[in-house]
Amino acid sequence: MAKTNLNITDISNDFTSNPVTGDISIKKNIDAIKQSLKNLMLMKRFDKPFDPKIDVGLNEVLFENFPDPILKDIISKKIEYIISVYEPRIKLQKVEVESLYEKNLLQIDITFSLRNQASEELQNLQINLERIR
Amino acid sequence: MKPDFSKLDYSDIKQNLITFLKSQDKFNSYNFEGSTLNILLDILAYNTHYQSLYNNITFNEAFLDTAQKRSSVVSIAKNLGYTPESSRSATCAVEVLIDANSNGGLSSYTIPKNTAFKVNKDNSVYYFYNLNDAVYTPNTYNETTGLVETYTTGSIVLKEGTFKTVNFVINGSNPTQKITLRSTNIDTNTISVRVQNSTSDSSGINDVWEEAKNMVMVDGSSKVYFLEEGPDENYRIYFGDGIIGQSLNEGNLVIITFLETNGEEANEIGVNDEEGARVFTSPSLPNTTVIVRTPSYGGSSRETTQSIKYKAPKAFSTQERAVTADDYSIVLQNDFSFIKSIKCWGGEDNTPPAYGKIFISIKPENRAALSNTEKNAILRSLTKNRAVVGIIPELVDPNLIYLIINCDAKVDIIKTNGSIESLKTKIISAINEYIQTNLDVFDADLIVNELENTIKNTDTSLLSVTVTPQLEYRLTPVYGTAVDYTINFQNEIVKSDSIDKPNIKSSRFNYYDYQNNIRLCRIYDNGSGKLYLAFENGNKEYSIGKFSNIDLTENAPEYIGSIDYETGILSLTKFKPQINEENNPFIKFFANVVDSDVFVNPDTILTIDSDDPNSVVINFTETAYRKPIK
């Protein structure tokens with residue numbers, strides 16, 4: 001299959017307007033992909049109507065026991081499954097879940113490349129789960 | 001892009017939106033589940049799906065055919081002028097006797113209405129009330145003094161339930177207010193409405209207010225109330241507006257009394273009532289004897305939603321008038337909940353024709369025929385300005401043919417765990433339930449294949465089931481009088497080639513033999529179209545035909561009639577039985593029929609006597625069935 005240049009457009013999650021045109025702001029290319037990935041990571045079971053299989057629900061992890069090695073493995077497996085099924089535009093390289101005890105922080109690093117694109121540069125999405133108050 | 005509005009499933013709606021977005025090139029992430037645009041499509045599709053489902057339910061509930069909620073069905077029925085039937089109190093008739101000299105003599109010659117009568121059934125206490133005053137009249141006199149010894153009320157009607165009263169003061173600011181009777185087991189036939197001027201002024205309390213069922217006679221001065229079932233399943237009462245029905249004024253006190261009933265639980269009370277074991281007592285009537293004249297009947301639950309859907313359009317078409325034969329069926333079914341099946345036909349269709357009459361045949365629930373009290377109540381109901389003038393209704397008992405079910409069952413003995421008796425009980429119960437559910441009404445025939453499947457499904461140990469039905473007709477003759485009778489089995493009867501293999505057999509009864517001695521005998525067929533008597537002597541049965549093998553002639557003393565095997569009609573000639581051995585009012589005739597499927601005429605009911613231990617005969621063939629090992 002011939003590789004194409006990146007041309008991905010999506011609307012922005014924050015629904016802000018473009019200050020010049022007044023139109024809704026747009027996410028493009030790798031930003032749109034990362035936004036999509038983040039949406040998937042935060043999606044809980046039944047958030048998607050009639051499709052309960054989409055279930056990573058990272059924000060629910062906040063209420064689990066923190067230093068739990070099994071939990072880290074479960075999160076990795078879930079992320080790998082969801083990306084393989086629901087985000088066919090990327091090729092997952094690795095998922096790293098790290099517990100930073102001193103900061104009460106769960107750091108999730110997703111490394112991926114884009115499929116069928118001219119550039120095969122590795123991309124990284126980092127999601128940090130920490131208490132805010 | 002042309003949207004497809006016929007598809008209302010969530011996935012189809014979302015696909016419609018995606019197809020729409022394909023026609024533009026500004027956004028292209030709509031097809032990936034994580035994209036924000038896709039999430040937006042989820043919301044839009046979900047909203048559309050929700051709305052379409054809501055609309056679907058709304059429109060379904062707007063029509064009688066598709067409505068599911070009781071409140072919707074009741075509301076539509078209201079437009080058809082139909083009020084759903086409430087629970088009905090069981091009714092019984094009793095006679096109250098009192099000794100004239102007991103307890104210093106009678107204090108009052110009247111038993112006031114709403115006097116309680118107490119009775120126990122299955123460890124529960126039930127109360128019955130007389131809804132009208134009952135008056136004592138002299139019953140027996142002392143032959144010496146000529147003074148009255150006992151007084152009787154005669155037969156008085158009692159209704160089961162608990163009396164409830166609702167008081168309501170009319171608020172003038174809301175003239176159309178409705179009074180809710182908060183009871184799900186109310187019997188609306190027992191509602192009594194009185195209106196007095198105010199809480200302190202009792203004038204008007206004795207006026208009778210009646211339920212308005214027919215608007216023709218109602219005007220602005222008619223003391224009527226209107227009854228309807230509300231959306232909360234409680235009945236509501238409201239009054240007229242001064243044009244249709246008299247209106248009430250601010251401050252009027254409405255007093256409503258009614259019976260809250262236990263429905264069918266209170267049926268068949270008083271069946272075992274006998275001297276020395278009276279079932280009814282009345283706490284407020286000491287020293288009285290309460291004799292049951294008619295055991296309680298007719299108690300029932302409130303009308304089901306399905307029944308409302310069925311009856312409301314039919315009630316609308318009859319308009320509370322009994323004109324055609326179907327009208328009679330509908331009007332009576334609305335009035336009497338104990339009717340399981342009903343058949344009405346005009347006198348011109350009767351055999352023999354009886355012009356100017358309507359014949360009504362009713363099969364009540366759990367019984368073979370109506371009691372005389374029930375028949376009188378039905379005839380009274382028809383004469384309430386509803387039947388056509390000049391047409392006389394006549395109640396006839398349904399023509400019943402009883403089934404004797406012979407069941408041959410092959411059983412895997414290993415699967416039964418040796419418990420053949422419990423299997424037998426299950427099969428008998430399944431047969432009785434099948435017949436009670438599918439037959440036991442007019443216009444129903446026995447399809448043996450269905451019954452066999454039902455029996456086979458009762459237990460996995462049953463490998464095969466074969467049912468051979470036999471028919472039983474119960475003839476109630478006039479004992480001691482020679483009368484011609486016709487018994488119609490309505491199905492072809494097996495014709496045998498030998499007199500020793502009869503296919504018609506009767507139960508035993510007494511009959512004068514040709515030497516004028518009363519002897520027990522039965523009736524058989526001879527295989528050649530003739531019926532003969534076979535007298536018993538020393539536990540053996542004898543007849544000219546059977547004993548001496550002489551061809552039976554019509555002049556032979558044992559000849560009693562003929563049989564048409566094809567039509568299944570038996571004609572008994574000058575049949576004069578004496579009271580029969582079992583002291584039953586009827587003589588049973590059994591017939592072996594050619595076809596296992598039994599079809600009967602529209603005026604006949606196929607049923608089973610579940611109290612008769614011989615009504616189901618089961619023959620088991622035991623086998624240890626196992627699948628071969630591959």
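Let me begin by describing the structure that accompanies this report. The structure displayed is predicted, hence computed values, not measured ones. (Residues numbered from 1 in each chain as written. Chains lettered and ligands numbered in written order. Predicted model: local features only at pLDDT ≥ 70, side-chain atom pairs only at ≥ 80, totals over all residues. Heavy atoms only, no water.)

### Remarks on the sheet that holds strand S16 (residues 339-346) of chain B
Strands belonging to one sheet form pairs held by backbone hydrogen bonds; the direction of such a pair is parallel or antiparallel.
Residue and element names in this part refer to chain B.
Okay, step 1: Reading across from one edge, S16-S17-S18 is the order of the 3 strands in this open sheet, with mixed pairing throughout. A single partner strand is all that each edge strand has here, and the edge strands are S16 and strand S18 (392-396). Going across the sheet, the axis of each strand differs from the next one's by a mean of 25°, ignoring polarity.
Okay, step 2: With 5 bridges connecting them, strand S17 (residues 357-364) and S18 associate as parallel partners. Each bridged residue has a counterpart across the sheet, and for Ser 361 the counterpart in S18 is Val 396.
Okay, step 3: Helix-sheet contacts for helix H5 (residues 325-335) involve S16 and S17, and the interaxial angle to S16 is about 155°.
Okay, step 4: The sheet contacts of helix H6 (residues 372-382) involve S17 and S18, and relative to S18 the element is tilted by about 155°. (Pairing = 2+ DSSP bridges. Helix = DSSP H or I, 4+ residues; strand = E, 2+ residues; numbered from the N terminus. Axes fitted to C-alpha atoms, helices over the stretch in contact; angles between N-to-C directions. Contact = heavy atoms within 4.5 Å.)

### Structural notes on the packing of aromatic side chains
Okay, step 1: Counted under the stated rule, the structure contains 17 aromatic pairs over all chains.
Okay, step 2: Between A:Phe50 and B:Tyr10, the ring centres sit 4.7 Å apart and the planes meet at 40°, which makes this aromatic pair tilted. Here A:Phe50 is found in the loop between helix H1 (29-42) and helix H2 (69-86), whereas its partner B:Tyr10 is found in helix H1 (residues 10-21) on a different chain.
Okay, step 3: You can call A:Phe50 exposed: its relative accessible area is 57%.
Okay, step 4: Their ring planes at 80° and their centres at 4.8 Å tell us that B:Tyr129 and B:Phe163 sit as a pair that is edge-to-face. (Phe/Tyr/Trp six-rings, centres within 6.5 Å; stacked < 30°, edge-to-face > 60°. Buried < 20%, exposed > 50% of the residue type's maximum accessible area, 1.4 Å probe, protein only.)

### Points about the nonpolar core
Okay, step 1: B:Phe489, B:Leu572 and B:Phe575 are the most contacted members of the largest nonpolar core, which has 52 residues in total.
Okay, step 2: Non-local contacts of B:Phe489, meaning those with residues more than four positions away in its chain, are made with B:Ile401, B:Leu471, B:Glu472, B:Tyr473, B:Ile504, B:Gly568, B:Leu570, B:Phe589, B:Phe590 and B:Ala591. (Core = buried A, V, L, I, M, F, W, Y, C linked by side-chain atoms within 4.5 Å.)

### Details of the interface of chain A and chain B
Okay, step 1: With 24 residues of chain A at the contact, the number on the chain B side is 18 residues.
Okay, step 2: Across the chain A/chain B interface, buried area totals approximately 1,700 Å², and carbon plus sulfur atoms make up 60% of it.
Okay, step 3: In terms of surface lost to chain B, no three residues of chain A exceed A:Thr9, A:Lys48 and A:Phe50, which account for 29% of the buried area on that side.
Okay, step 4: Linking chain A to chain B there are 3 salt bridges.
Okay, step 5: A salt bridge links B:Asp42 to A:Lys48; the nearest nitrogen and oxygen atoms lie 2.5 Å apart.
Okay, step 6: Of all elements in the fold, only strand S1 (9-11) and H1 of chain A reach the threshold of two or more residues within the side of chain A that touches chain B.
Okay, step 7: With 4 residues, H1(A) is the largest single contributor of residues to the side of chain A that touches chain B.
Okay, step 8: Partitioned by chemical class, the residues of the side of chain A that touches chain B number 12 nonpolar, 7 polar and 5 charged. (Buried area = accessible area lost by both parts, 1.4 Å probe. Salt bridge = Lys/Arg side-chain N within 4 Å of Asp/Glu carboxyl O. Nonpolar A, V, L, I, M, F, W, Y, C, P; charged D, E, K, R; others polar.)

### Some points on the layout of surface pockets
Residues and elements named next belong to chain B.
Okay, step 1: Taken as a whole, the second largest pocket holds about 690 Å³ of empty space.
Okay, step 2: Together, 30 residues line the second largest pocket, and Gly 299, Ser 300, Ser 337, Phe 338 and Glu 365 are the ones closest to its centre.
Okay, step 3: Taken together, the elements giving at least two residues each to the lining of the second largest pocket come down to strand S15 (288-297), helix H4 (305-318) and S16.
Okay, step 4: When residues of the lining of the second largest pocket are assigned to their parent elements, the largest contribution, 4 residues, is made by S15.
Okay, step 5: Grouping the constituent residues of the lining of the second largest pocket by class yields 6 nonpolar, 14 polar and 10 charged. (1 Å grid on protein atoms, 1.4 Å probe; cavity = no way out; pocket = protein on both sides within 12 Å on 5 of 7 lines; lining within 4 Å. Points joined across faces, edges and corners; volume = space filled by probe spheres on them.)

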